[in-house]
Amino acid sequence: MDDQGPAKELVHLLRAVTVELDLLGAEFATRHGLHPTDVRALVHLLDAARAGTRPTPGRLGEQLRLNSAGTTALVDRLERLGLVRRTRDTTDRRRVLLEVEEKATELGWAFFGPVIGEVVKAAEGFEAEELETVRRFLASVLESVSRVRPS
């Protein structure tokens, strides 16, 4: 397979970034007695909060590709660690919602804050148009991976 060309170089760089971020996430998990799936769950829940959506255990299980029992065990574990809490939806008391506790946010910022700061600093070296191009590229990559990922 031909490894030449700027598009392939981007693929290799993206893969390298992914590996580094995976290693960073694994280190965070190890330091805090978490499973890598726990970290992915927290990321999904934080993303949902940032997007203004109210995640349910069922939705989280779908995102992580866990069955109901696995999702319950995951949420129980995160709840025991004081990282997540279950609440009842005020409009539909049958529905359980998940919220990230402040402790989880603090742990995340303490560990990932310096990395986020460095990435923001790197991005500040680019023009707005360049950043928009990068944003479009990453959004396209995300969409492409979602499209071809086995279900």
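In the block above lies the structure referred to throughout.
Draft legend 1. How the structure looks around the nonpolar core. Formed by 18 residues in total, the largest nonpolar core has its most connected members in L34, L42, L60, L78, L83 and V84. Residue assignment for this core shows that the elements contributing at least two residues are α1 (6-31), α2 (36-51), α3 (57-64), α4 (68-80), β2 (96-100) and α5 (102-123). Examining the composition of this core, we find that 4 residues originate from one element, α2, more than from any other. Not counting the four nearest positions on each side in its chain, L83 is found in contact with L34, L42, L78, E99, V100, E101, K103, A104 and L107.

Draft legend 2. Examining the layout of surface pockets more closely. A volume near 2700 Å³ is recorded for the largest pocket. Looking at the lining of the largest pocket element by element, the count peaks at 11 residues for α5. Grouping the amino acids of the lining of the largest pocket by side-chain chemistry returns 30 nonpolar, 8 polar and 6 charged.

Draft legend 3. Structural detail: the side chain of T71. Within the secondary structure layout, T71 lies in helix α4. T71 gets classed as buried once you look at its relative accessible area, which sits at 4%. Non-local contacts of T71, meaning those with residues more than four positions away in its chain, are made with P57, G61 and L66.

Draft legend 4. Examining a nonpolar patch on the surface more closely. On the surface, a cluster of nonpolar side chains totalling about 410 Å² of accessible area is made up of L10, L13, V134, F137 and L138. Broken down by secondary-structure element, the contributors of at least two residues to the nonpolar patch are α1 and α6 (128-148). Of the residues forming the nonpolar patch, the biggest block, 3 residues, is contributed by α6. Within the fold, F137 resides in helix α6. F137 gets classed as partly exposed once you look at its relative accessible area, which sits at 33%.

Draft legend 5. Quick peek at α4. With 13 residues, α4 should cover 18 Å at 1.5 Å per step; its first-to-last C-alpha distance of 18 Å lies within 8% of that length. Among the residues of α4, the N-terminal cap falls to N67, whose side-chain oxygen and the backbone nitrogen of A69 are separated by 3.2 Å.

What counts, and where the lines are drawn
Residues numbered from 1 in each chain as written. Predicted model: local features only at pLDDT ≥ 70, side-chain atom pairs only at ≥ 80, totals over all residues. Heavy atoms only, no water. Core = buried A, V, L, I, M, F, W, Y, C linked by side-chain atoms within 4.5 Å. Buried < 20%, exposed > 50% of the residue type's maximum accessible area, 1.4 Å probe, protein only. Helix = DSSP H or I, 4+ residues; strand = E, 2+ residues; numbered from the N terminus. Contact = heavy atoms within 4.5 Å. 1 Å grid on protein atoms, 1.4 Å probe; cavity = no way out; pocket = protein on both sides within 12 Å on 5 of 7 lines; lining within 4 Å. Points joined across faces, edges and corners; volume = space filled by probe spheres on them. Nonpolar A, V, L, I, M, F, W, Y, C, P; charged D, E, K, R; others polar. Patch = residues over 30% accessible without salt bridge, like charges linked within 9 Å, V, L, I, M, F, W, Y side chains within 5 Å. Areas by Shrake-Rupley, 256 points an atom, 1.4 Å probe, with all protein chains shown as cover. Salt bridge = Lys/Arg side-chain N within 4 Å of Asp/Glu carboxyl O. Expected span 1.5 Å × (residues − 1). Polar contact = N/O pair within 3.5 Å; in protein donor to acceptor, adjacent residues only side chain to side chain.

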